[in-house]
Structure formats: C-alpha cells, structure tokens
Amino acid sequence: MNIQPSSNFRKMAVNAIFAIISFIFVYLILLISGVALTALCIYGGVALIIAVPKFITIVIGIGLASLGIMIFIFLIKFLFKEHEIDKSHLKEVYREEYPELFNFIEEIALEAKTRFPKKIYLSRDVNAAVFYNSSFWSMFFPIRKNLQIGLGLINTVTEQELKAIIAHEFGHFSQRSMSVGSYVYNVNEVIFNMLYDNDSFDQNIQAWANISGYFSIFVIIAVKIIQGIQWILKKMYGLVNIRYMALSREMEFHADQVAANVAGSKPLIDSLLRLELSQLAYSSTLNFYENKSENNIISKNIYKNQLFTLRLLAKENKIPLKDGLPLVSVVDINKRNRSKIKIEDQWASHPSTEERVNALSELNIVKNENKENLAVTLLPDKEKLEEELTKLVFYYSAFRKETVAIENDAFEKEFAEDIINNKFAEEYNGYYDNKNPIPFDPDSIMISGQTKTLENLFSKENVNMVYNYIALESDKNTLNAISRKEIKVKTFEYDGNKYKMKQADAIITKIDRELENSKKQIAENDINIYRFFYNQALKKGCDNQLKNKYLSFFSQDNICDKRIGIYNKFVDLANQLSMATQQNQVRSIFIEIAHSGVELKSEIKTIIENPLLEKEITKAMKDNLNEYLSKEWSYSANDTLNNEYLNTLFNAVNYFRFMTSREYFLLKQDLLNYQISLL
C-alpha cells in the first residue's frame, strides 16, 4: 500500500513547515538575545561584587546575575518538560489474555505498514487513540506508540468497522509524509509550554523573590522581560497553531484513506455516522445513573445498558438496525440542521463527519471481507471484562453508603419509562420538540371555520417550517458575531453564495424579513391547532378546561422568563466575584447578592410548594434549598464562611434553574397530552 498525499495535504504541509522555520528563526533570535543578556548580567554582577565587595553589592550582584539566568531558564525549560499521559483510567491488556484481539491488531498494523503498538490499553469510553509520552526530544528520537481502545466503542461497532477505526489511528503514523504533523505538534507544544505551562517556574522565581527585597526587584524586571517574550510567542502561536489545525484536518483525510485501503470505505463511513449516537447512548446511560447517585445505585454492566440505549434511541429517531446496530445516514445526522451559513473553521482539528464521509464515498474502496459480527466478540469472557470496566466508571464517584448494582433488566424498564415520560405524543410529529406554543388570547380566536386536520397541522412541511425558523435565528446570531468581529473571517457562504465580512449586515436584514414572515406562519398554525383541539373539546363539553390549560401555560411562560432573568443575574454576579481583586469589591458584590437573594428565595419557596414538582425534587435538592432558605447569609471576614455561603447559594441557583425548566416542561407536556386525550 503506497498512498500518495493529496495536493492540498502537500500545500498544508508546506505552510506548516514555513511556520516551523519562522518559529525557529524567531526563537533563535530570542535565545541569542537571552544568552547575551544572561552573560551580560552575570558579568555585571561579578564585576560589581569585585569592584565593591560589600554585603549589599554582593546581594545586588547575585540578583543581577539571577535576572539573566531566570530569562535563560524560561527560554529553555521546554527541553526538560515531558508530557506524560495519565493512564490511571486505562486497563492494560496482554497477548496471553487477549490473543484474538492482538492477532486482529497485528494484522491491521501489517496492512497499514506500521509498527505494532508498544502497549495496548482498554478504556471505558467511546473512543480510540494512539498516544505516547512526548517531549521536545521525541522529534528526533522515534518513540513507539501505545494504542487505546474504548470499550464503549468496541461495544457499538462491528469487527470490520473496528478494523477501519484502528487502521485510521495507525494511518497517522504509517506514512512518511505524515511526520511533518509530529514536528508541528511538538513546536506547538514548545510554544504552549512557554506561554501557559509556567506554574512550577512561577513558584520558583516567587520563592527566589521572597528571599530578599533586592532579589524581588530583579524578579519583577525578569517578569516584565518574559511578558515581552510571551507577547512575541503569542503571535507565533497563532501562526503555528492555525497551520497545524489546517494540516491536522488534511491528516484526518489521509488517515481515512489508509483505513479505507485496509478495511474498505463503507465500514469506516458506517462507524463515523454512528459514532455520535453511540456517544449519546453512553452519556445518556451515565446521566441516568448520575440521577440515581443519591440512592447509591450504580450499573452492574454499563455496556449492556449502553447497547440497549443505543437501540432505543435509534427506534425513537426512526433509524433502522442492521446486525443489531443502528445504520445511521448523513440525512439522519443533518435531520434538524437547516443552517444556510458555512464558515471555514480555521481552528478545527478535524473535518466535519459529512466531509469525511463524502471523501470516503469518492474513494469507494470495497473489500471482500466483511465481518459483521460485533467487535466485542474479539474479547474473551467479555461480560466479566465489561463488569470490571463498569466498576472503573463509578470508581471516582463519591457515595455515602455501600453501592447497589442493578441488573440490566431493571435498567431497561426504568430507562424506557423515563424516555416515555419525557417526550411528547407521536401525533405531534416532533413539532413541539424544540418549540413552545406561541402565546395568544384564546378569547379573541374565532373557532368556527376550522378545516384543518391533525395530519395537516403536524405535517412534515409544518415541522420543517419550525426547524427552518430555528436555523434562521441561529444563522442571524452567527452573522451578528461576524459583524461584531467576534468571529474573524474574511468571507463566508450563505445559501450557496459567497460574501465578504462587511456584507453580513445586509444578510441579517434579509433574515429578519424571513424570520418575521416565518413567525407569522408558525403563529397562525399554532392558532389553527388551538381551533382544532377546541372543537374536539366542545364535543366532550370540556372546552373551558382546554382554554384554562392554555392560559396557565402562557402565564408560566412569563414566570419562566422572569426566573431565567434572576438566574442570569446570579451568573453575572458570580462572574464579577471571580474577577474581583479588592476586598471592597468583594463586599459590594456580596451586598448585591444578598439584595437579589430576596427575590430568589421567594421564587424558590414557590417551587418547593408546587405539587407538580413534588416527585421531581430530590432529597439533595431539597436539603440544599432548605439550607439556603433557612439562613440570612451575608458577607463575612471569614473566608471559610464565605465559601460555605457561596457553595450553598450557587448550588441552590443551579437547582432553581433546573426546576424552572422542569416545571415549564411538565406544564407543556400536560397541555399537549390533554389535547391528545380529546381525540
């Protein structure tokens, strides 16, 4: 297999090499200047001590010499920095235990023409990666890489798909043309080290400054010079990093090409398209247990849970299964994405999934072998392994008592019930999933003349109208950010046409007209929906109940807006507090927090007393909210008391935000379920 890099890859590689050369040139100037300054400072310090051998001149001479030494150390400290990967969450596996897996990986390494990994690890997550402990010297001395494979990934792909995924990872190192990426990566790490990885260095120079007031003067001068060096390096970081990201995107396409040659285009396409759903299934399963942590409930086998969740999510989203796994399409991943704006993200390290799928489809490499069995069958005694890694998932969680592991059957029953209890009726066809009924006055609506059917009201066209409106709002926000130069681009595409940055305002004006027209159409459909269900209610003599439910919901809409305003105010106060440096500023913010707390406490009491939320408020929530309500908190000279106050307050604020959203959802669900009951 001899895969030639694309012309775009070569172009990005040349740009990256130019960035490396530019950095080396700038760094050498800085280093030579640093060496010269160090020599000058040491010479000056020694000369001062020899000329006037007194205690004060000795101290000043040492301080002057240390000024140069500190700058020199700053410029070379990256040489001794090793980037070590935390492996505490990984399980190393060996050939004796996993012969089938090792043979499988060995076959891929041979086909990809790369070395077998130094070590192989299993992780808990939905991922795969090649990693190694790196340092500046790893640019010059080859280092064998380790392979990490997530059990959450193995659990949701076929054997052929796993082959493609691992071949992709090996593809990053199997081609000589890819080595430039390693150099750019390491240069990036060098600059990052000097800009941001300075905790140890800062502690050492601060310790030196604390020895003597004279030394502190030279430390201040050294810090100012270092800040000047960092200003220059920040410019270089932008230059190198943006070219590294561009090259990184091309490296992904290149590694995909390697994978396609090893395992075929389709297996990698299928796994890429399913990846987001697999991750969602895993995180949704984790969220389920997070909500059970108060009762010390954990999973016995989270990977069985994940597979069930994956299939359930596929069913909910009408995604077909093949060999027990969802067959996700490009249409599925773009189902709700109606955005017309396209901006090249210069800082993205990976191309979009759709871009990678399109490139792989163009390659259209077909392999005769097609192992459709689940990849997890490569692991002996897989259930024992899954349970072992499940314990690792919950290892870092803090439980008050001994945990209780629930079986998969119990999980499936309760998780499925949660899905049912937290969705809207099928008849709405997703119309209300991301929108709420637009407020209107029910008494002003003419009920007669209703000709719409349920199918008309919640047709595909009307659902698309809602998501087009959402996309327009999102595009407007993006264009506003471009107009304010928060997103820095020279050009962008909108609706297939290319525009310059200064044309963003004209597009916003056009979008505003579309939004106004679209909102009128959606509002009109919402009123027709009310008419339809009101006529159904009239037949059953419960028209007033329907009208009152709408009025209650619209009232809650206003209450929700008010509560979100309170929440946002506390978020702003928290931000102010994090930036406050003077005690009088801190005290002033605490006073404002106490003042705003009066309204917050009133709303929290209303939430706690609401019978609708009785089953929603957990014991941990109730304990926190009651603790916040029970005391008259205020600023204290004691930091411990202040921290206790703030922890209690901001936990209460977050619970307040959650319960506000939850109450709104339950009222909306109650209204929509009531309408369906009228049919």
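Coordinates for the structure precede this section.
Residues numbered from 1 in each chain as written. Predicted model: local features only at pLDDT ≥ 70, side-chain atom pairs only at ≥ 80, totals over all residues. Heavy atoms only, no water.

**Q** Break down the overall build of the protein for me, citing the residues and quoting the values.
**A** Each helix and strand in the protein was counted, giving 21 helices and 13 strands. For the protein, the spread of C-alpha atoms along the principal axes amounts to about 105 × 75 × 60 Å. Among the 679 residues that make up the protein, the fraction classed as buried is 45%. At a minimum sequence separation of 6, the contacts of the protein that also span at least 24 residues come to 82%. The positive charge centre, built from 79 side chains, and the negative charge centre, built from 82, are 5 Å apart in the protein. (Helix = DSSP H or I, 4+ residues; strand = E, 2+ residues; numbered from the N terminus. Buried < 20%, exposed > 50% of the residue type's maximum accessible area, 1.4 Å probe, protein only. Contact = heavy atoms within 4.5 Å. Lys, Arg positive; Asp, Glu negative; His and termini not counted. Charge placed at Lys NZ, Arg CZ, Asp CG, Glu CD.)

**Q** Before we move on, can you summarise the sheet that holds strand β2 (residues 91-93) with the specific residues and values?
**A** Spatial strand order, β2-β3-β6-β4: four strands in an open sheet with mixed pairing. In the strand order of this sheet, the two ends are held by β2 and β4 (128-131), each with one partner. Geometrically, the sheet is characterised by an average inter-axis angle of 30° between neighbouring strands, direction not taken into account. Where β2 and strand β3 (residues 120-123) come together, three bridges link them in antiparallel fashion. (Pairing = 2+ DSSP bridges. Axes fitted to C-alpha atoms, helices over the stretch in contact; angles between N-to-C directions.)

**Q** Please provide a residue-by-residue account of the sheet that holds strand β12 (residues 491-494), values included.
**A** Whether parallel or antiparallel, the strands of a sheet pair through hydrogen bonds between backbone atoms. The three strands are arranged β10-β12-β13 in an open sheet whose pairing can be described as antiparallel. Edge positions in the sheet fall to β10 (341-342) and β13 (497-500), since each of these pairs with one other strand and no more. Pairing of β12 with β13 involves four bridges; the strand directions are antiparallel. Residue pairing in the sheet places Y494 in a bridge with N497 of β13. Seen against the sheet, helix α17 (residues 504-540) touches β12 and β13 and runs at an angle of roughly 20° to β12.

**Q** An account of helix α12 (residues 353-363) is needed here, citing residue identities and associated values.
**A** Along α12, the positions that sit buried rather than exposed are R356, V357 and L360. Within α12, the buried residues cover an arc of 100° as seen down the axis, which keeps them to one side. (Arc of directions from axis to C-beta.)

**Q** So what's going on with the pattern of salt bridges? Which residues, and what values?
**A** Working definition: two side chains of opposite charge can pair if their charged atoms are close together. Using the criterion set out here, one finds 28 salt bridges in the structure. Close ionic contact of D670 with K549 constitutes a salt bridge, the shortest N to O distance being 2.7 Å. One end of the pair, D670, is in helix α21 (residues 639-677); the other, K549, is in helix α18 (residues 543-579), and 121 residues separate them in sequence. Of the residues examined, D670 reaches a relative accessible area of 37% and is grouped as partly exposed. Residue classification places K549 among the partly exposed residues on the basis of a relative accessible area of 24%. E644 serves as the salt-bridge partner of K631, at 3.6 Å between the closest nitrogen and oxygen. Within this pair, whereas K631 is found in the loop between α20 (619-630) and α21, its partner E644 is found in helix α21, the two being separated by 13 residues in sequence. (Salt bridge = Lys/Arg side-chain N within 4 Å of Asp/Glu carboxyl O.)

**Q** Requested: an account of the side chain of E161, with residues and values cited.
**A** One can find E161 in helix α5 (residues 159-174). A distance of 3.0 Å separates a polar side-chain atom of E161 from the backbone nitrogen of T158. Not counting residues up to four positions away in its chain, the partners in contact with E161 are P267, D270, S271, R274 and L325. (Polar contact = N/O pair within 3.5 Å; in protein donor to acceptor, adjacent residues only side chain to side chain.)

**Q** Report on the packing of aromatic side chains, specifying residues and quantitative values.
**A** This structure, assessed with the given rule, holds 29 aromatic pairs. Measuring from ring centre to ring centre gives 5.7 Å for F74 and F201, while their planes differ by 55°; the resulting arrangement is tilted. One end of the pair, F74, is in helix α2 (residues 55-76); the other, F201, is in helix α7 (residues 199-211), and 127 residues separate them in sequence. Taking the relative accessible area as the measure of exposure, F74 reaches 0% and is therefore buried. Residue classification places F201 among the buried positions, given a relative accessible area of 10%. The structure contains a cluster of three or more aromatic residues connected by ring pairs, namely F440, Y530, Y534, Y550, F553, F554 and Y664. Of note, R95 hangs over the ring of F116, and the distance from its end group to the ring centre comes to 5.7 Å. The ring of Y567 has R657 sitting right over it, with the charged end atom 5.7 Å from the ring centre. (Phe/Tyr/Trp six-rings, centres within 6.5 Å; stacked < 30°, edge-to-face > 60°. Lys NZ or Arg CZ within 6 Å of the ring centre and 35° of its normal.)

**Q** Summarise the side chain of Q306; cite the residues concerned and give the values.
**A** Note that Q306 resides in helix α10 (residues 302-316). Side chain to side chain, Q306 and N155 meet in a polar contact 2.9 Å long. Those residues in contact with Q306, other than ones at most four positions away along the chain, are V126, G152, N155, T156, S278, A281, Y282 and T285.

**Q** For the pairing of strand β6 (residues 146-150), give the residues involved together with the corresponding values.
**A** Counted residue by residue, β6 has five buried out of five residues, so it is predominantly covered. Side-chain alternation along β6 places N146, Q148 and G150 on one buried face and L147 and I149 on a second face that is also buried.

**Q** Could you give an account of the packing of α20 against α21, with specific residues and numbers?
**A** The N-to-C vectors of α20 and α21 enclose an angle of 125°; their axes lie 9 Å apart at closest approach. On the basis of their axis angle, the class for α20 and α21 is oblique. In this structure, α20 crosses over α21, and the sense of that crossing is left-handed. The residues of α21 that touch α20, namely those facing A620, M621, N624, L625, E627 and Y628, are E644, T648, L649, N651, A652, Y655, F658 and M659. Each residue belonging to the contact of α20 with α21 can be placed in one class, and the counts come to nine nonpolar, three polar and two charged. (Parallel < 35°, antiparallel > 145°, perpendicular 65-115°, else oblique. Left-handed = near helix turned anticlockwise from the far one by under 90°. Nonpolar A, V, L, I, M, F, W, Y, C, P; charged D, E, K, R; others polar.)

**Q** I'd love a proper account of α10, names of residues and values included.
**A** The first and last C-alpha atoms of α10 sit 20 Å apart over 15 residues, in line with the 21 Å expected at 1.5 Å per residue. Inspection of α10 places I302, Y303, N305, Q306, L307, T309, L310, L312, L313 and A314 among the buried residues, and these make up the whole buried set. You can read the cap of α10 off the contacts: a side-chain oxygen lies 3.1 Å from the backbone nitrogen of Y303, and it is on N301. (Expected span 1.5 Å × (residues − 1).)

**Q** Run through a nonpolar patch on the surface, naming residues and quoting values.
**A** A cluster of nonpolar side chains, namely F55, I56, Y214, I217, I221 and I225, defines an oily patch on the protein surface of about 560 Å² accessible area. Among the elements that make up the nonpolar patch, the one with the highest residue count is helix α8 (residues 213-263) (four residues). Take I217: it is sitting in helix α8. (Patch = residues over 30% accessible without salt bridge, like charges linked within 9 Å, V, L, I, M, F, W, Y side chains within 5 Å. Areas by Shrake-Rupley, 256 points an atom, 1.4 Å probe, with all protein chains shown as cover.)

That's the geometry; what it means functionally is another story.
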